[in-house]
Amino acid sequence: ERMYAVSSNERNGLSSNYINNFAKLNDSIFWVTAWEGGLFLITEGMDEPSKMKFIKIDSDGAGTVINAGNQIFYGSTKKLWRIDLKTYEKKPIDVVNKVLQGKEIASIIGNKAGDVWIGTENLLIKYSHKTKDVDKLEINLGTQKKLISLEQDLDGNIWAATHNSILRIDITNNCYYTDTT
């Protein structure tokens, strides 16, 4: 099997090799964030990476792009945005940004139902794109802890990691269990 490396250059439109992350829509469209580069959409070359073409959508590449319910969301340092898939415009999710109140987004994931989960310092936020509802769960481990990594298991629980803890969050009962190391 062949392996390809795609590097930034004027020809392909990618302006930075520092790839932060990527997300894929169900229709195989890929979105890429690149530090010091921006938010990009891959428009060509998925079958042959040496022919990839990128379109820069936004100059902020320090955040994370995710797919939630076949919608693209972008978590910048302190705000959540939804990308309009027709105009490629970033639209702020004001109900979430009001809850964030300038807190740093440390982690973000989405699921097929369209829910977006955001980990910050001592706080887990859930945004439902379908209902536009926001729920939050304060995590009190005795000290300030950033939820630096999130994952949802098949039972619907959210797993979160801090720098020295793993938490299983039972979203049905709005409680969490921890194993501090």
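Reading guide: rules and limits
- Residues numbered from 1 in each chain as written.
- Predicted model: local features only at pLDDT ≥ 70, side-chain atom pairs only at ≥ 80, totals over all residues.
- Heavy atoms only, no water.
- Helix = DSSP H or I, 4+ residues; strand = E, 2+ residues; numbered from the N terminus.
- Buried < 20%, exposed > 50% of the residue type's maximum accessible area, 1.4 Å probe, protein only.
- Lys, Arg positive; Asp, Glu negative; His and termini not counted.
- Salt bridge = Lys/Arg side-chain N within 4 Å of Asp/Glu carboxyl O.
- Contact = heavy atoms within 4.5 Å.
- Phe/Tyr/Trp six-rings, centres within 6.5 Å; stacked < 30°, edge-to-face > 60°.
- Lys NZ or Arg CZ within 6 Å of the ring centre and 35° of its normal.
- Core = buried A, V, L, I, M, F, W, Y, C linked by side-chain atoms within 4.5 Å.
- Pairing = 2+ DSSP bridges.

### Observations concerning the side chain of Lys-145
By the secondary structure assignment, Lys-145 is in the loop between β12 (134-138) and β13 (149-152). Put simply, Lys-145 is tucked away with no salt bridge, and the nearest opposite charge, on Glu-121, sits 10 Å away. Contacts of Lys-145, omitting those with residues within four sequence positions, involve Thr-120, Glu-121, Asn-122, Thr-162 and Asn-164.

### Points about the packing of aromatic side chains
Under the defined criterion, the tally for this structure stands at four aromatic pairs. Ring geometry for Phe-22 against Phe-30: centres 5.6 Å apart, planes inclined by 45 degrees, an arrangement best described as tilted. Relative accessible area serves as the criterion here: at 17%, Phe-30 is assigned to the buried category. Between the aromatic rings of Phe-40 and Phe-54, the centroid separation amounts to 6.3 Å while the plane-to-plane angle is 85 degrees, which identifies the pairing as edge-to-face. A residue pair is termed long-range when its members are at least 10 positions apart, and Phe-40 in strand β3 (residues 38-44) and Phe-54 in strand β4 (residues 53-58) qualify at 14 residues. Like Phe-54, Phe-40 is buried. The aromatic ring of Trp-81 is capped on one face by Lys-90, whose charged end is 4.4 Å from the ring centroid.

### Focus: the nonpolar core
Counting residues in each nonpolar core, the largest one holds 14 residues, and the members touching the most others are Phe-73, Leu-80, Val-96, Ile-108, Val-116, Ile-118 and Tyr-127. Apart from residues lying up to four places away in sequence, Val-116 is in contact with Ile-66, Ala-68, Phe-73, Leu-80, Ile-108, Ile-109, Gly-110, Ile-125, Lys-126 and Tyr-127.

### Side note on the pairing of β3
Both faces of the sheet carry side chains from a regular strand, because those side chains alternate between them. When you tally the buried positions in β3, you get five out of seven residues, the bulk of the element. Alignment of strand β2 (residues 30-34) against β3, held across five bridges, turns out to be antiparallel. Bridged to Phe-30 within β3 is Ile-42. In this structure, the hairpin formed by β2 and β3 is closed by a connection of three residues, where Glu-36 is found at a positive phi of approximately 60 degrees. By the bridge criterion, five bridges tie β3 to β4 in an arrangement that is antiparallel. When the bridges of β4 are listed, Leu-39 appears paired with Asp-58.

### Side note on unusual backbone geometry
A positive phi angle, close to 60 degrees, is found at Glu-36, a residue other than glycine. Even without a glycine there, the phi angle at Gln-101 is positive, about 45 degrees. Counting through the fold element by element, Gln-101 comes out in the loop between α1 (94-100) and β9 (107-110). Its relative accessible area of 68% is what places Gln-101 among the exposed residues.

Read these as layout, nothing more, since geometry by itself doesn't imply function.
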